[in-house]
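One letter stands for each residue in the lines below.
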Amino acid sequence: MSLTLRRAREAATRIAGIATTLTPLKESQSLSQRLGRPVSLKLETTQATGAFKLRGAASAIMALSPDERRNGVVTASSGNHGRAVAYVARQLGIPAVICLSDLVVQAKIDNIAAFGAELSIGGKDQDVAMERAHDIAEKRAMTFISPFDNLGVISGQATVGLEIMEQNPDVDTIIVPVSGGGLLGGVAYVAKKMNPGVRVIGVSMERGAAMYHSLQAGTPVIVEELPTIADALQGGIGLDNRYSFDLCAAHADAVVTIDEDQIRSGIRHGFYHERLVLEGSGACGIGLLLSDRAKDLGDNIVVICTGDNIDPDLFLDIIAGQPAAKTH
Ligand SMILES: *Cc1c(COP(=O)(O)O)cnc(C)c1O
């Protein structure tokens, strides 16, 4: 089993009605002007849960048998995937358990709790929460839904790529925030199938960039998890990774990292110039375009703005904390 264009298209059909399957692709006046080349933003912030993860969760859960659905689903997630699984489970009226580490921010806990899922919080990092989710899956005969390393999930994330290619056939570079690589792998695969000339670049934070270091090493490696504003990008890719690593290795052109200040600049730019609320992870693409490296990044750029689930106090701090001039 592997990702195909057909599987991505089937996922688009499966998730319609639960996830938004044509999110806006909006030209960024500010970034286009700054770079002298068209830049547009794919606004996954408009999904009901505020992030693209709804696509993958809906795709995987809609593919389960009636028996599997009845027993319910379990996952471990630093926030957006857990929220998406909880949302889909509630839509379908099936049980869901969401395992979170102690690092997860309160706003995300509240968001998931609001969807009525059972929460299991504890452990020093995402990997510990992940082990607990596997235990629960076995003990309670629930289906484990990986945040990124599941073909159903990846097919769902790949639908973002299908849409970008239809909305902007002239795109030559797609910038994708990356953690476990479900989104990057899925988007890179379909974009290149539809137009082999398109470049697909992953971006993540310097602090604990698991996919970046794994690609450098040529195999999945363990990377220490560190606090970062891009909290949705925390966590490992799994030493036993089955799909997302190979997809990223084969189809992504590069993965680059940016520092915490550059992520902050991305958040500020999104708000001051585009009137967007973005979480750190969702602002990494804009952060990259504000950096020196933007000059090498192509002539017609699409940036995926992946999510808006940021703690309101943190957001206000970032917006108020630094003069906006720094981001201009
Ligand atoms: C999960 C997530 C990502 C990264 O997606 P992966 O498929 O794990 O690489 C990026 N941005 C946000 C907001 C996310 O929630």
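Quick look at the structure, then. All of these numbers come straight from a predicted model, not from anything done at the bench. Each chain has its residues counted from 1, following the order in which its sequence is written. Local features are withheld for residues below a pLDDT of 70 in this predicted model, meaning they are given only at 70 or higher, and side-chain atom pairs are given and counted only at 80 or more; totals for whole chains, interfaces and linings count all residues. The side-chain numbers reported here are obtained from all heavy atoms of the structure, hydrogens and water having been left aside.

1. Some points on a negative patch on the surface
Two joining distances apply to patches: 9 Å for like charges and 5 Å for nonpolar side chains (Val, Leu, Ile, Met, Phe, Trp, Tyr), and every residue must have over 30% relative accessible area and no salt bridge. For every accessible area listed, the method is Shrake-Rupley and the probe measures 1.4 Å; residues are considered covered only by the protein chains on display. For this analysis, a salt bridge means a side-chain nitrogen from Lys or Arg found within 4 Å of a carboxyl oxygen belonging to Asp or Glu. Think of it this way: Lys and Arg go in the positive column, Asp and Glu in the negative one, and His and the chain ends go nowhere. Taken as the charge centre is NZ of Lys, CZ of Arg, CG of Asp or CD of Glu, depending on the residue. Side chains of Asp127, Glu131, Asp135 and Glu138 sit close together on the surface and give a patch of like negative charge. By secondary structure assignment, the location of glutamate 138 is in helix α7 (residues 126-139). Each helix corresponds to a stretch of at least 4 residues labelled H or I by DSSP, and each strand to a stretch of at least 2 residues labelled E; elements are numbered beginning at the N terminus.

2. A look at the pairing of strand β9 (residues 254-258)
For β9, a buried count of four out of five residues is recorded, marking the element as mostly surrounded by other parts of the structure. Examined bridge by bridge, strand β8 (residues 199-205) and β9 share five bridges and lie parallel to one another. Looking at the pairing, methionine 205 lines up with isoleucine 258 of β9. Exposed residues in this analysis have more than 50% of their type's maximum accessible area, buried residues have under 20%, and partly exposed residues fall in between, with area computed by a 1.4 Å probe over protein chains only. At least two bridges found by DSSP between two strands is the condition for calling them paired.

3. Looking at the pattern of salt bridges
Once the charged atoms of two side chains with opposite charge are near each other, the side chains can pair. With the rule as written, the count across this model stands at nine salt bridges. Between glutamate 118 and arginine 140 there is a salt bridge, and its shortest N-O distance comes to 3.0 Å. Residue glutamate 118 is located in strand β5 (residues 118-121), and its partner arginine 140 is located in the loop between α7 and β6 (143-144); the two are separated by 22 residues in the primary sequence. Judged by its relative accessible area of 40%, glutamate 118 falls in the partly exposed class. The class for arginine 140 is partly exposed, based on a relative accessible area of 40%. Across the salt bridge formed by aspartate 261 and arginine 264, the nearest N and O atoms sit 3.3 Å from each other. Here aspartate 261 and its partner arginine 264 are both found in helix α12 (residues 260-274), three residues apart, which amounts to about one turn of the helix. Among the ionic contacts, a cluster of salt bridges with common partners joins Lys42, Glu44, Arg55 and Glu163.

4. Quick look at the site of the ligand
Close to the ligand lie 16 residues, the nearest being Lys53, Asn80, Ser179, Gly181 and Thr306. Glycine 180 has a polar backbone atom sitting 3.0 Å from an oxygen atom of the ligand. Leucine 183 places a polar main-chain atom, nitrogen or oxygen, 2.9 Å from an oxygen atom of the ligand. The fraction of the free accessible surface of the ligand (380 Å²) that becomes covered by protein chains is 98%. Here the ligand is seated within the largest pocket. Under the grouping applied here, Gly and all other residues not named as nonpolar or charged are polar, the nonpolar ones being Ala, Val, Leu, Ile, Met, Phe, Trp, Tyr, Cys and Pro and the charged ones Asp, Glu, Lys and Arg. The class makeup of the residues in the shell around the ligand is six nonpolar, eight polar and two charged. By convention in this text, a residue qualifies as near a molecule or strand provided that one of its non-hydrogen atoms is within 4 Å of it. In protein, a polar contact requires one atom able to donate a hydrogen and another able to accept it; more generally it is a pair of N or O atoms within 3.5 Å, and residues adjacent in sequence count only if both atoms are side-chain atoms. Space inside and on the surface of the protein is sampled on a 1 Å grid over the protein atoms alone, with a cavity defined as a set of points where a 1.4 Å probe fits but cannot get out and a pocket as an open set with protein on both sides within 12 Å along at least 5 of 7 lines; lining residues have an atom within 4 Å of a point. More than half of a molecule's atoms within 2 Å of the grid points is what it takes for that molecule to sit in a cavity or pocket.

5. A word on the sheet that holds strand β3 (residues 73-76)
With parallel pairing, the four strands of this open sheet are ordered in space as β5-β4-β3-β6. Unpaired on one side and paired on the other, β5 and β6 mark the two borders of the sheet. With four bridges joining them, β3 and strand β4 (residues 96-100) adopt parallel strand pairing. Note on β4: the bridge partner recorded for threonine 75 is isoleucine 98.

6. Considerations on the nonpolar core
One broad trend across soluble globular proteins is that nonpolar side chains are buried collectively. Ranked by size, the top nonpolar core spans 33 residues in total, and within it Leu41, Ile175, Ile267, Ile286, Leu289, Ile301 and Val303 carry the most contacts. Considering each element in turn, this core owes the most residues, four residues, to helix α13 (residues 284-289). The criterion used for residue contact is that any of the two residues' heavy atoms lie within 4.5 Å. With near-sequence residues (within four places) excluded, isoleucine 267 lies in contact with Ile229, Leu278, Glu279, Gly280, Ala283, Ile310, Phe315, Ile318 and Ile319. We define the nonpolar core as a collection of buried residues of types Ala, Val, Leu, Ile, Met, Phe, Trp, Tyr and Cys that are connected through side-chain atoms lying within 4.5 Å of one another. Among the nonpolar cores identified, the runner-up in size contains 27 residues, and Ala57, Ala86, Val104 and Ile109 belong to it.

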